[in-house]
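Read off the chains here:
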Amino acid sequence: MSRSFLKSTAKRILTSHLRDANVRPVALALIMVASVALGERKPTSEFQRTLAVTNAEPVVLNIEIISGDVEVLYSRDGQVSIAGFAQADGDSGLDDNYFSASLTLDQAGNRITLRHSDPGAVQGKLRVRYRIDVPYRTEVVCIVNRGRQSIRGVLGPVTAKAGIGDIKASYISKGLQAEVESGNIDLQVIGEHVEAGTNRGNITGERLAHGIDARTGDGDVSLIVVGPSTAVVGKGNGRIEVGGARGALTCSTEGGDLHVQAVPHGNWKLNSASGVIRLDLPPVANFDLDISDDSGEIQIERDDLSKPSSDARRVSQRVGGGGERIEVGTVSGRITIR
Amino acid sequence: MTMRRFAQNLLIVCAMAAVSSFAFGQKDPGVRGGIQNTGGGLQQQGIPIPHPPVISRNPTTGATINENELASFLEGILRAGQLESSCDDCADVTDGSQVTGLGELDPMFPQFHTNSNGLGARHNSDQCFSCHGQPTLGGSGGFLVPNPSDKTPRMAENPQFHLIPHRYGRQNIVPSFEKQYGPIREVRFKNKPDGTPDGGVHQLWTVRGSTNDPTIPNCALTQPDFEKEYKAGNLAFRIPLQMTGLGLLESIQDREIIAQHDATAGLRATLGITGHPNRSGNDGTITRFGWKAQNKSITIFAGEAYNVEMGITNEAFPTATEEDPDCQGPSKPEPNDVVRTDTTEIRNQEFDNPLHIMPDWQQFQILMRFTDGPTPDPNPSESAKRGKALFSDIGCALCHTPQMQTAPVMNSAVLQNRPVNAYTDLMVHHMGYKLADDISQGQAGPDEFRTTPLWGVGQRIFFMHDGRTADLLRTIREHHSEASPKYPASEANGVVHRFNRLSAEEQQSILDFLRSL
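All values derive from a computational prediction rather than experimental measurement.

Brief notes about the side chain of Ser150(A)
Residues and elements named next belong to chain A.
Piece 1. Its place among the elements puts Ser 150 in strand 9 (residues 149–152).
Piece 2. With relative accessibility at 14%, the residue Ser 150 sits in the buried group.
Piece 3. A polar contact of 3.5 Å, which involves the side chain of Ser 150, links it to the side chain of Arg 152.

Below is the structure:
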């Protein structure tokens, strides 16, 4: 049954039967039920294209999107499959020609460029989503002005930039650079070094063997099993949580707490202006500890460390046979070593 | 006849044979795309072997693999690609890491840097994909470059010929049945020394001489005397099957298998084809994985493969095949590859995060579950199209069932209610004395084998359970075997007779069709 038929039927009911007072309530109820059932279906437009590529060299995928969500994921070798889906919020002028008017898709060998510009007529009134299935050996540069990005299972390297929107990436074998003005960055299993920065938003990273430089202007940083890393929260009460640091570690927060639970495999520098710094180290460990505290409090909860006096501002001790250097500093916060 | 005249005549005969073969002779067109452009052939050119394909969109429902399934699939590639070291903590890079920046061709499939631990004292390989790399990782057995750390790669070859037995200085003697350009073979012994049936896998290699494991300097294990057993006819060979599409095969209900079988009962009877399912001794349901359909599930298969092929003990197979303490290392825990529950970083080998809690063997089974079935040639030739019809006409399809259907409702939307074009009935059949390997597994007798799924046969190198040939024409003819005092005739005889009665052109079409799969 076509939508136009349903519309015209509804119109007939309105024009003929609503004049009859006896029929009016029943007709109105029917119309309400029908309109709910029809669900005010929103106009949509779809795009599908599969491009052949060779195994001989990596695919280089460039994506530029003004507004929309992008998902890039490994699927199989030999082809790049692009699916676009647009859905309007209301009467937007969206039609079947939407993608032909807004999408530019170029292929030169294994180099593929996708540009999506939002025609003014429908700007802000619709949601655009792309799913791009790619071979494993794919390099990705993805720039989205407003929208979410998800990139999974490719060789890389990957560069993902966004104005407003979250960036998720996982199972990337080479390096990754993620930058966003406002949004969260979520990274898992990245083979080479990662650079991640956001002005407003959280950064999470798991299994980043070659470490991460994570910087957020205002937000939390959570890292699990990472190589040599830096985590910085620029301002506010954003927290840093690190579990399983595999190399050197540098962390700093403004007012937020800082918690590290790991075996020291490299030198650490941990600073917080006014937050709580807590270190959970293995019961048996070798390290050199250097704590400084301008006006806060130092708590030692380990048997292999001597307790400082209550007014101590600096503690330097060798634990076990000594080893990696752990420097912990705060201006007015509390430091707890366990 | 003088020698000269004989030589002239011989030359003429050979020339005629060559011409007639060219003009009329049917011939296996070989690996689709060429061996050089698949598996290790790519590696040889400095191109990584493609990864296993993600299961495709469900053609019935449109469902695709969901986010969690894909994450597990990708983790599965990482785990199955791991190169195993033998001690508990001496891998070259952090366990489960991709190997980057160290010259490996593929960070997910390292060849000279270990990124996992647990290799058993006895094993057939030190890496899943070493024996499953044709035409893609996760495929059947193929070739690999034997000198991956050198700048100039040598020609890809059987990885059991040099790469695996000698990796990291291991001192293994390569048996004569592992040929340089032959199939990867694992070995079962038919009988024990006292003459009673054996049937078990005897692992080819030991860790003796490993240069990357300081915990086993006194390991003095020796290999079984394979040459003696080989000469005595006591060996049964098996080659690796492809892992691709196994989740789809597992998703077929028993009732579908039986219904498909029953539907061809009349036609099969005219050709003497019976077949029966191999059933689990525990719950009576149909087992379906392996050359004799001996394994119930891909989970069981994964657990068994980790222990039998790599010597890595796990929850499903917790006991080591070799327990010599001089070769297992003093701190190596048993079972080795288990769900990680340690709370500290000291003992848990970086498993202090949710993604890494699942053991390798479990991730491996998830990988198999969501790997797509092999993709047939999207543009088959006209000959191949004719061959497809002939394949059914002469009765091949009575066992090599072209299509079955997965269960209507499953936990995974991408697996449920979709066709599976595997070309197998998942039954076992009597194949006669020529193929019999004298090994019984479950209800599959010593001359019985599962109908091998033909999807992907177009890009396989070796055929039959023992890899006896790389020629599809011979493979078809090997299905024929008259009765012997020990075994009945092959159930395939009637169909092979029909194949032999086809014209050369028609036979060629069937070969072309098979290579299109």
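Some details on the interface of chain A and chain B
Piece 1. Each partner contributes to the interface: chain A provides 35 residues, whereas chain B provides 37 residues.
Piece 2. Around 2800 Å² of area is buried between chain A and chain B when both sides are counted, 54% of it from carbon and sulfur atoms.
Piece 3. On inspection of chain A and its partner chain B, the count reaches three salt bridges.
Piece 4. For the pair chain A and chain B, the interface holds 15 residue pairs in polar contact (both at pLDDT 80 or more).
Piece 5. For the side of chain A that touches chain B, the secondary-structure elements that each account for two or more residues are strand 3 (69–74), strand 11 (167–172), strand 13 (185–190), strand 15 (203–208), strand 17 (221–226) and strand 19 (240–245) of chain A.
Piece 6. Its residues placed into classes, the side of chain A that touches chain B shows 16 nonpolar, nine polar and ten charged.

A short note on the pairing of strand 9 of chain A
Residues and elements named next belong to chain A.
Piece 1. Neither face of strand 9 is exposed, since Gln 149 and Ile 151 on one face and Ser 150 and Arg 152 on the opposite face are all buried.
Piece 2. With four bridges joining them, strand 3 and strand 9 adopt parallel strand pairing. Within the sheet, the bridge partner assigned to Leu 73 lies in strand 9 and is Arg 152.
Piece 3. Bridge analysis of strand 9 against strand 11 gives four bridges, and the strand direction is parallel. Looking at the pairing, Gln 149 lines up with Ile 167 of strand 11.

Things to note about unusual backbone geometry
Piece 1. Look at the link from Gly156(A) to Pro157(A): it is a cis peptide, with omega at 5°.
Piece 2. Here the amide bond leading from Gln134(B) into Pro135(B) is cis, since omega sits at 0°, within 30 degrees of zero.
Piece 3. Positive phi values are uncommon outside glycine, yet Val225(A) reaches one of about 55°.
Piece 4. Mapped onto the fold, Val225(A) is located in strand 17.
Piece 5. Taking the relative accessible area as the measure of exposure, Val225(A) reaches 6% and is therefore buried.
Piece 6. At Asp438(B), a residue that is not glycine, the phi angle is positive and equals roughly 65°.
Piece 7. Along the chain, Asp438(B) turns up in the loop between strand 11 (428–430) and strand 12 (448–450).

Re the packing of aromatic side chains
All names here are of chain B.
Piece 1. Counted according to the given criterion, the structure contains 15 aromatic pairs over all chains.
Piece 2. Seen in terms of ring centroids, Tyr 230 and Phe 237 are 5.7 Å apart; in terms of plane orientation they differ by 65°. Their pairing is edge-to-face.
Piece 3. An aromatic cluster is defined as three or more aromatic residues linked by ring pairs; in this entry it consists of Phe 177, Phe 189, Phe 226, Tyr 230 and Phe 237.
Piece 4. The aromatic ring of Phe 237 is capped on one face by Arg 185, whose charged end is 4.6 Å from the ring centroid.
Piece 5. A cation sits over an aromatic face here: Lys 292 above Phe 449, 4.4 Å from the ring centre.

Here we look at the pattern of salt bridges
Residues and elements named next belong to chain B.
Piece 1. This structure, assessed with the given rule, holds 34 salt bridges over all chains.
Piece 2. A salt bridge links Arg 79 to Glu 75; the shortest N-O distance between them is 2.6 Å. Here Glu 75 and Arg 79 lie together in helix 3 (residues 67–80), a separation of four residues that amounts to about one turn.
Piece 3. With a relative accessible area of 0%, Arg 79 lands in the buried category.

Thresholds applied
Residues numbered from 1 in each chain as written. Chains lettered and ligands numbered in written order. Predicted model: local features only at pLDDT ≥ 70, side-chain atom pairs only at ≥ 80, totals over all residues. Heavy atoms only, no water. Helix = DSSP H or I, 4+ residues; strand = E, 2+ residues; numbered from the N terminus. Buried < 20%, exposed > 50% of the residue type's maximum accessible area, 1.4 Å probe, protein only. Polar contact = N/O pair within 3.5 Å; in protein donor to acceptor, adjacent residues only side chain to side chain. Contact = heavy atoms within 4.5 Å. Buried area = accessible area lost by both parts, 1.4 Å probe. Salt bridge = Lys/Arg side-chain N within 4 Å of Asp/Glu carboxyl O. Nonpolar A, V, L, I, M, F, W, Y, C, P; charged D, E, K, R; others polar. Pairing = 2+ DSSP bridges. Phe/Tyr/Trp six-rings, centres within 6.5 Å; stacked < 30°, edge-to-face > 60°. Lys NZ or Arg CZ within 6 Å of the ring centre and 35° of its normal.

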